[in-house]
Amino acid sequence: MPLKKVLYRIFHFILRLVVLLLPYPKQNIITGAGSIKKLPEVIAQFKMNNVLLVTDKGLMALGLTDSLQAGLKERGIKFTIYDEVQPNPTIENIEAATEAYKNSGCQGLIAFGGGSPMDCAKLTGARITNPGKSIAKMRGLFKVGKKIPPLFAVPTTSGTGSETTVAAVVTDSGTHEKYAVSDLKLIPPVVVLDPELTLGLPAHITAATGMDALTHGIEAYIGLHGTRFVNEAAEKCIKLIFEYLEKTYNDGKNIDCREQMAWASFYGGAAFTRASVGYIHGIAHNMGGLYGVPHGLANAIILPFLLEFYGKKAEKKLAALAKLTGTAPEGTPKSEASRIFIEKIKDMNRKMGIPSYIKELKGEDIPLIAKRAEKEANPFYPVPRILDQKELEEVIARLLP
Ligand SMILES: NC(=O)c1ccc[n+]([C@@H]2O[C@H](COP(=O)([O-])OP(=O)(O)OC[C@H]3O[C@@H](n4cnc5c(N)ncnc54)[C@H](O)[C@@H]3O)[C@@H](O)[C@H]2O)c1
Ligand SMILES: [Fe+2]
């Protein structure tokens, strides 16, 4: 093994020990259809009467925040709305939300939406208590600084798991680089998992976000940082997605399916926030930063190609997942079971209208994407097989239209 790879593996080993010792905070999880109505009372228990509601224009237009707004008014909790969050949120979004928070004298944040509003709210919180530190300076692990104000997370997609993760992903609109800020302080103390809020999620977003959750589960499971907790959470996530994602795609108004998907996403987040992700996310983040490809869609497309590229290094665990999901019958040889599992993912993509290529991808950008993905992943992601820039270029080339 070349020296570089040995050093990466030593880093992975140390990181694993650090992660094992981390004091993950307990979250208050409010669940069930209509559970959003309980949030104002919970906010009042935090002894605050003025909050910033961070969301996006699409959700506002759908009236999805209406019942929450009515509940806040009833409880006498003042709120200011920041609804300019873009998909793949930018540093500008965070700075504008921070201004709105300060100008209105808010005391806490409601993160209402998919990963984009949730991540924007997390980093807004980080900027409020750390005014002297730019988002760029918080990039990486444990660099936020002071504790953020109380954050109430209300996911309206079932994919990112941001409601339970240490991460917030941001795009620098100057360089088109997308990166993560990861810190225990970004884990929201309160989460509302209300499947009613996801009933109107369009089928194509249901598909893409669901595949994001699947990618979290799989990357956490096949990486080197699996613990009993991680493996169980990843298994729950993957099993639920295999059982419910296509059903939800075909029958979006089915509240039971929506509820199962909300849990799948949550478990995926719980797994990867401890065990990290891998190159699939490393590449997907750059497809988002460079071309604005929705995060889940990028993951869905990259997932089977990268699993194939891992080859023998991921075979045993993928075979275990084939068994867990009933994709391959008992006794199927590992290499065959792993292949069947990957084929099943391709089939799910096909059935949900997800292509097998990234339509925006240009050949001349491949070295830059590979370089940035390599920088993001090595040595931070405990991947089953360490890849260098050239190997990543090879995988990315397979995603050309
Ligand atoms: N923090 C983390 O741990 C983490 C993990 C994975 C991904 N991410 C990040 O999250 C972002 C992606 O989040 P996302 O995939 O949830 O998408 P998103 O938040 O960007 O939302 C996508 C679109 O769906 C719409 N939408 C959301 N909920 C809806 C609903 N209930 N009904 C109708 N429309 C709805 C939004 O208005 C938006 O137009 C990316 O920036 C990604 O990098 C973060
Ligand atoms: Fe993701």
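Just so we're clear, the structure is a prediction, and the values are computed from it rather than from any experiment.

## So, the side chain of Asp83
In step 1: Position of Asp83 relative to the elements: it lies in the loop between β3 (78-82) and α5 (91-103).
In step 2: A polar contact is formed between the side chain of Asp83 and the side chain of Lys57, at a distance of 2.8 Å.
In step 3: Ignoring anything within four residues of it in the chain, the contact list for Asp83 reads Thr55, Asp56, Lys57 and Met60.

## Regarding the sheet that holds strand β5 (residues 140-141)
In step 1: Within the open sheet, the three strands sit side by side as β5-β8-β7. Their pairing is mixed. Pairing within the sheet leaves two strands with one partner each, and these edge strands are β5 and β7 (167-172).
In step 2: Sheet analysis places β5 next to strand β8 (residues 177-182), joined by two bridges and oriented parallel. Bridge pairing in β8 places Leu141 opposite Ser182.

## Considering the packing of helix α8 (residues 203-222) against helix α13 (residues 312-324)
In step 1: Interaxial distance between α8 and α13 falls to 10 Å at its minimum, and their mutual angle equals 130 degrees. It follows that α8 is oblique to α13 by the angle criterion. α13 is crossed by α8, and the crossing has right-handed handedness. In contact with Ile218, Tyr221 and Ile222 of α8, α13 contributes Ala314, Lys317, Leu318, Ala320 and Leu321.
In step 2: Taken together, the residues that form the contact of α8 with α13 break down as seven nonpolar, no polar and one charged.

## What about the coordination of the iron ion (ligand 2)?
Geometry sets the ideal angles at a metal, namely 109.5 degrees for four tetrahedral donors and 90 or 180 degrees for six octahedral donors.
In step 1: For the iron ion (ligand 2), the full set of protein donor atoms is Asp212 (OD), His216 (NE2), His281 (NE2) and His295 (NE2), at a range of 2.1 to 2.2 Å.
In step 2: Considering all four donor atoms around the iron ion (ligand 2), angles at the metal cover 87 to 172 degrees and the coordination shape is irregular.
In step 3: The motif formed by the donor residues of the iron ion (ligand 2), counted along the single chain, is D-x3-H-x64-H-x13-H. Placement of the pair is His281 in helix α11 (residues 279-291) and His295 in helix α12 (residues 295-310), with a sequence separation of 14 residues.
In step 4: Note on His295: relative accessible area 17%, which makes it buried.

## Section: the packing of α8 against helix α14 (residues 334-351)
In step 1: Interhelical geometry of α8 versus α14 gives an angle of 165 degrees and a closest axis separation of 12 Å. Considering their axes alone, α8 and α14 lie roughly antiparallel with respect to each other. Along this stretch, α8 crosses α14, giving a crossing that reads as left-handed. Of the residues in α14, those touching α8 at Met211, Leu214 and Ile218 are Phe341, Ile345, Met348 and Asn349.
In step 2: Residues that form the contact of α8 with α14 fall into these classes: six nonpolar, one polar and no charged.

## Quick notes on the site of ligand 1
In step 1: In the region of ligand 1, 32 residues are neighbours, and Gly115, Ser116, Thr156, Thr157 and Thr165 sit closest.
In step 2: Within the side chain of Ser162, a nitrogen or oxygen atom sits 3.2 Å from a nitrogen atom of ligand 1.
In step 3: Burial of ligand 1 by the protein chains amounts to 90% of its free accessible area of 870 Å².
In step 4: Elements that contribute at least two residues to the shell around ligand 1 include exactly α6 (115-129), β7 and α8.
In step 5: Of the residues belonging to the shell around ligand 1, the class tally is 14 nonpolar, 14 polar and four charged.

## As for the domain arrangement of the chain
In step 1: Parsing the chain into structural domains produces domain 1 (3-15 + 199-397) and domain 2 (32-198).
In step 2: For domain 1 and domain 2, the distance between their C-alpha centres works out to 25 Å.
In step 3: The interface of domain 1 with domain 2 comprises 32 residues on the first partner and 26 residues on the second.
In step 4: For the pair domain 1 and domain 2, the number of links is one salt bridge.
In step 5: Linking domain 1 with domain 2 are eleven residue pairs in polar contact (both at pLDDT 80 or more), by the criterion used here.
In step 6: Counting only elements with at least two residues in the side of domain 1 that touches domain 2, the list comes to α8, α10 (255-275), α11 and α15 (366-377).
In step 7: If one sorts the elements of the side of domain 1 that touches domain 2 by residue count, α10 sits on top with twelve residues.

Rules of the game
- Residues numbered from 1 in each chain as written.
- Chains lettered and ligands numbered in written order.
- Predicted model: local features only at pLDDT ≥ 70, side-chain atom pairs only at ≥ 80, totals over all residues.
- Heavy atoms only, no water.
- Helix = DSSP H or I, 4+ residues; strand = E, 2+ residues; numbered from the N terminus.
- Polar contact = N/O pair within 3.5 Å; in protein donor to acceptor, adjacent residues only side chain to side chain.
- Contact = heavy atoms within 4.5 Å.
- Pairing = 2+ DSSP bridges.
- Axes fitted to C-alpha atoms, helices over the stretch in contact; angles between N-to-C directions.
- Parallel < 35°, antiparallel > 145°, perpendicular 65-115°, else oblique.
- Left-handed = near helix turned anticlockwise from the far one by under 90°.
- Nonpolar A, V, L, I, M, F, W, Y, C, P; charged D, E, K, R; others polar.
- Donors = N, O, S within 2.8 Å, 3.2 Å for Na, K, Ca; no water.
- Tetrahedral: all angles 85-135°; square planar, octahedral: opposite > 155°, others 65-115°.
- Buried < 20%, exposed > 50% of the residue type's maximum accessible area, 1.4 Å probe, protein only.
- Near = heavy atom within 4 Å.
- Areas by Shrake-Rupley, 256 points an atom, 1.4 Å probe, with all protein chains shown as cover.
- Domains from an automatic or database assignment.
- Salt bridge = Lys/Arg side-chain N within 4 Å of Asp/Glu carboxyl O.

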